[in-house]
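An overview of the molecular structure
One-letter residues, chain by chain:
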Amino acid sequence: MKRRPGSLPTVALLLLLVALLVQLQAVAATKYTLNWNYPNYQNYFSNWNRGNNYAVGDSIEFVYNAEAHDVVKVSYAEYGDCFTSALPSTSGATVFPLEQTGMHYFICTIPGHCQAGMKLAINVL
Ligand SMILES: [Cu+2]
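Residues numbered from 1 in each chain as written. Predicted model: local features only at pLDDT ≥ 70, side-chain atom pairs only at ≥ 80, totals over all residues.

- Named according to an unreviewed UniProt entry, the protein chain is Phytocyanin domain-containing protein originating from Sphagnum troendelagicum.

Here is the structure:
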């Protein structure tokens, strides 16, 4: 079979393009935006989480009514207790960069809110 001139470079170029696209997709950071409101039920935010695959380099933005809510990153124990002495963010739009693998925990510190399910645990892979 006679090779058409120029066909090999074309194939090579296409393969390179595909490889680059795959690479880009693996590297692209995702910004998750969360409507941080008083939940309708206890597991509301666990359900919101479902299907999200968090990776290092992604970020999560909590958007909320600053008159009614706040948000703070906490430890596992604080997440369980719904209590922290750390100062929460109160801007109404708080972005947390996900810089490390493992679990990250967030709560609203307004009394009763975390207990009602206004808490989020995410696993960064
Ligand atoms: Cu709240």
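**Some words on the overall build of the protein chain**
- The number of helices and strands found in the protein chain is three helices and six strands.
- When the elements of the protein chain are put in sequence order from the N terminus, they spell out α-β-α-β-β-α-β-β-β.
- Split into buried and exposed, the 125 residues of the protein chain put 19% on the buried side.
- For the protein chain, the proportion of contacts with a sequence separation of at least 24, taken over those separated by at least 6, is 73%. (Helix = DSSP H or I, 4+ residues; strand = E, 2+ residues; numbered from the N terminus. Buried ≥ 20, exposed ≤ 12 C-beta atoms within 10 Å, placed from the backbone. Contact = placed C-beta atoms within 7 Å.)

**Re the sheet that holds strand β3 (residues 72–74)**
- Spatially, three strands are ordered β3-β5-β6 in an open sheet, and the strand pairing comes out antiparallel. Lying at the two open borders of the sheet, with one neighbouring strand each, are β3 and β6 (119–124). Direction aside, the axes of adjacent strands within the sheet are offset by 30° on average.
- Bridge count for β3 against strand β5 (residues 102–107) is three bridges, and the pairing is antiparallel. Within the sheet, the bridge partner assigned to Val 74 lies in β5 and is Tyr 105. (Pairing = 2+ DSSP bridges. Axes fitted to C-alpha atoms, helices over the stretch in contact; angles between N-to-C directions.)

**Some points on the sheet that holds strand β2 (residues 59–63)**
- Taken in spatial order, the three strands line up as β1-β2-β4 in an open sheet, and their pairing is mixed. Looking along the sheet, the strands with just one partner apiece sit at the ends: β1 (31–35) and β4 (93–97). Averaged over all neighbouring strand pairs, the angle between strand axes comes to 20°, with direction disregarded.
- Relative to β2, β1 runs parallel, the two sharing five bridges. Within β2, the position partnered with Tyr 32 by the bridge is Ile 60.

**Quick word on unusual backbone geometry**
- Here Cys 82, not a glycine, exhibits a phi torsion of approximately 55°, which is positive.
- Looking at the element boundaries, Cys 82 is found in the loop between α3 (76–81) and β4.

**A word on the nonpolar core**
- Core analysis: the biggest nonpolar cluster contains 17 residues, and Phe 62, Val 71, Val 72, Val 74, Phe 106, Ile 107 and Cys 108 have the highest contact counts within it.
- Of all the secondary-structure elements, those providing two or more residues to this core are β2, β3, β5 and β6.
- Here Val 74 is in contact with Tyr 79, Thr 84, Ala 86, Tyr 105, Phe 106 and Ile 107, once residues within four sequence places are set aside. (Core = buried A, V, L, I, M, F, W, Y, C linked by C-beta atoms within 7 Å.)

**Side note on the environment of Trp 36**
- Its location among the elements puts Trp 36 in the loop between β1 and α2 (44–49).
- On the neighbour-count criterion, Trp 36 (24 C-beta atoms within 10 Å) is buried.
- As for Trp 36 and Asn 65, which are separated by 29 residues in sequence, their C-alpha atoms are 8.1 Å apart.
- Setting aside chain neighbours within four positions, we find Trp 36 in contact with Phe 62, Val 63, Tyr 64, His 69 and Val 71.

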